[in-house]
Amino acid sequence: GAKMIVEEGGGFPNSVCALRKVRGIGHYTAGAIASIVFKEAVPVVDGNVVRVIARLKALSANPKDVVTVKNFWKLAGQLVDPCRPGDFNQALMELGATLCTPSSPSCSSCPLSVQCHALSVSRQDSSVTVTDYPTKVVKAKQRCDFCAVSIVEILDGGDLVERPQSESKFLLVKRPDEGLLAGLWEFPSVPLDGEVDLATRRGAIDFLLKKSFNLDTKKSYNLVLREDVGEYVHVFTHIRLKMYIELLVLHLKGGKNNLHKEQDKESMVWKYVNNKSLANMGLTSGVRKAYNMVQKYKQSMFNPITAKQERNHFKET
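Please read all numbers here as calculations on a predicted model, not as lab measurements.

The rules behind the values
- Residues numbered from 1 in each chain as written.
- Predicted model: local features only at pLDDT ≥ 70, side-chain atom pairs only at ≥ 80, totals over all residues.
- Heavy atoms only, no water.
- 1 Å grid on protein atoms, 1.4 Å probe; cavity = no way out; pocket = protein on both sides within 12 Å on 5 of 7 lines; lining within 4 Å.
- Points joined across faces, edges and corners; volume = space filled by probe spheres on them.
- Helix = DSSP H or I, 4+ residues; strand = E, 2+ residues; numbered from the N terminus.
- Buried < 20%, exposed > 50% of the residue type's maximum accessible area, 1.4 Å probe, protein only.
- Contact = heavy atoms within 4.5 Å.
- Axes fitted to C-alpha atoms, helices over the stretch in contact; angles between N-to-C directions.
- Parallel < 35°, antiparallel > 145°, perpendicular 65-115°, else oblique.
- Nonpolar A, V, L, I, M, F, W, Y, C, P; charged D, E, K, R; others polar.
- Salt bridge = Lys/Arg side-chain N within 4 Å of Asp/Glu carboxyl O.
- Core = buried A, V, L, I, M, F, W, Y, C linked by side-chain atoms within 4.5 Å.
- Polar contact = N/O pair within 3.5 Å; in protein donor to acceptor, adjacent residues only side chain to side chain.

A. Quick look at the layout of surface pockets. Size it by volume and the second largest pocket reaches roughly 600 Å³. Together, 22 residues line the second largest pocket, and Pro63, Lys64, Pro134, Thr135 and Val137 are the ones closest to its centre. Of all elements in the fold, only helix 4 (47-56) and helix 5 (66-79) reach the threshold of two or more residues within the lining of the second largest pocket. Counting residues per element, the lining of the second largest pocket draws most heavily on helix 4, which supplies four residues.

Okay, structure coming up:
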């Protein structure tokens, strides 16, 4: 987003509409910047604001529903102080964080208690409490997924020990533009049907590399090193993803030009980058963890005792 602003050369955007066009800035961040920094009378809605408005208006609708969320933004927009929008938005969020809490609201201390419909309803009907608003949403059960991740390092010359780091490149794949972690870069990976053995994982990776990149051990590359580095569990809101990490070091037969010819731009977008570029990329924490595991392994690979300790550590954590 910062690079985009600099490249366009028009200065930092100062309105919600302009801010929403910047990559990485969503509805909430745009509203926060516009109201707090530029005094634009626009709302900012987070979980605290949703709770305050739901109780203020006695709204029992599902706060996660798309239509309900739009309604909360509309109501919040009607409440914003046109003279001090940033202060108002921050005060509303703070009210939800400190007084109008999820389970034990301090209604007697709340400056909005006289106007609170939820409090009024609870006083008239003993079966209703302020904490009934907003409607409690049952959290989806966390799903357990598994995948094999192959950190493919391509050597231009020398060997794994003596070559300069700049002479090797890492293969990165861009995720689809929709779904989990949309559009982000990661190492080649394949989903697995549960906790499968090493041979099955390698077979799945080999199939992916051959199909997508024409990387075939008998035709396109010489294998320098293939090592099972360890396991890492990456936890999302609704997914617990267990990743099996391997390091695959290759010498390409005929150089990288052959790899370029096989790129199928319609099905997969990929590139290879050196260590320096990889270190400066905005990778997800899961991808960064996998890369760091491989780097630690490479540092200790010529000390068998240390390497074994590293692998056991990763499996335990």
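B. How the structure looks around the environment of Cys107. Relative to the helices and strands, Cys107 resides in the loop between helix 6 (85-98) and helix 7 (117-124). Residue Cys107 is classed as partly exposed on the basis of its relative accessible area, which comes to 22%. Between the C-alpha atom of Cys107 and that of Val130, which follows or precedes it by 23 residues, the distance is 8.9 Å. The residues touching Cys107, leaving out its near neighbours within four places in the chain, are Ser113, Leu119 and Val130.

C. Layout of the packing of helix 3 (residues 27-36) against helix 6. Running from N to C, helix 3 and helix 6 cross one another at 130 degrees; their axes reach a closest spacing of 7 Å. Taken together, the axes of helix 3 and helix 6 lie oblique to each other. Residues Tyr28, Ser35 and Ile36 of helix 3 pack against Pro85, Gly86, Asn89, Gln90 and Met93 of helix 6. For the contact of helix 3 with helix 6, the per-class residue count stands at four nonpolar, four polar and no charged.

D. The arrangement of the pattern of salt bridges in detail. What the rule picks out here adds up to 11 salt bridges. For the salt bridge of Asp145 with Arg143, the shortest nitrogen-to-oxygen distance reads 2.8 Å. The class for Asp145 is partly exposed, based on a relative accessible area of 23%. Of the charged contacts in the structure, one is a salt bridge between Glu195 and Lys242, with a shortest N-O distance of 3.0 Å. Taken together, the residues span a long stretch of sequence, with Glu195 in the loop between strand 4 (189-192) and helix 8 (198-213) and Lys242 in strand 6 (residues 239-252) at a distance of 47 residues. Overall, Glu195 belongs to the exposed group, its relative accessible area being 57%.

E. Here's a closer look at the nonpolar core. If you look at the biggest cluster of nonpolar residues, it comprises 29 residues, and the most contacted ones within it are Phe187, Ile245 and Leu278. Of all the secondary structure elements, the ones that give two or more residues to this core are strand 1 (143-155), strand 2 (168-174), strand 5 (221-235), strand 6 and helix 11 (285-300). Every residue in contact with Ile245, bar those within four places of it in the chain, is listed here: Val149, Ile151, Glu227, Asp228, Val229, Gly230, Ala290, Met293 and Val294. Of all hydrophobic cores here, the second largest spans 21 residues; its members include Ile154, Leu209, Tyr221 and Trp270.

F. Focus on the side chain of Asn89. With respect to the element layout, Asn89 can be found in helix 6. Here Ser35 takes part through its side chain, which lies 3.1 Å from a polar atom of the side chain of Asn89. In contact with Asn89, not counting residues within four places along its chain, are Ser35, Val42, Pro43, Val44 and Val80.

G. A look at unusual backbone geometry. At the junction of Tyr133 and Pro134, the peptide bond is cis and its omega measures out at -10 degrees in the coordinates. Backbone geometry places Ala58, a non-glycine residue, at a positive phi of 55 degrees. On the secondary structure map, Ala58 appears in the loop between helix 4 and helix 5. On the basis of relative accessibility, which here comes to 23%, the residue Ala58 falls in the partly exposed class. Positive phi, normally seen in glycine, also occurs at Asn214, with a value near 60 degrees. Relative to the elements of secondary structure, Asn214 occurs in the loop between helix 8 and strand 5.

H. Just empty space enclosed by the protein, in detail. Tallied over the full model, the rule gives two cavities of 30 Å³ or more. By volume, the largest cavity is sized at about 130 Å³. Tallying contributions element by element places helix 4 first for the lining of the largest cavity, with three residues. For the lining of the largest cavity, the per-class residue count stands at 12 nonpolar, two polar and one charged. By volume, the second largest cavity amounts to about 50 Å³. If you go around the second largest cavity, the residues you meet are Ala148, Val149, Leu198, Arg201, Arg202, Ile205, Asp228, Tyr244, Ile245 and Glu246. Looking at the lining of the second largest cavity, the elements that each hand over two or more residues are strand 1, helix 8 and strand 6. Per-element accounting of the lining of the second largest cavity gives the leading share, four residues, to helix 8. Partitioning the lining of the second largest cavity into residue classes produces six nonpolar, no polar and four charged.

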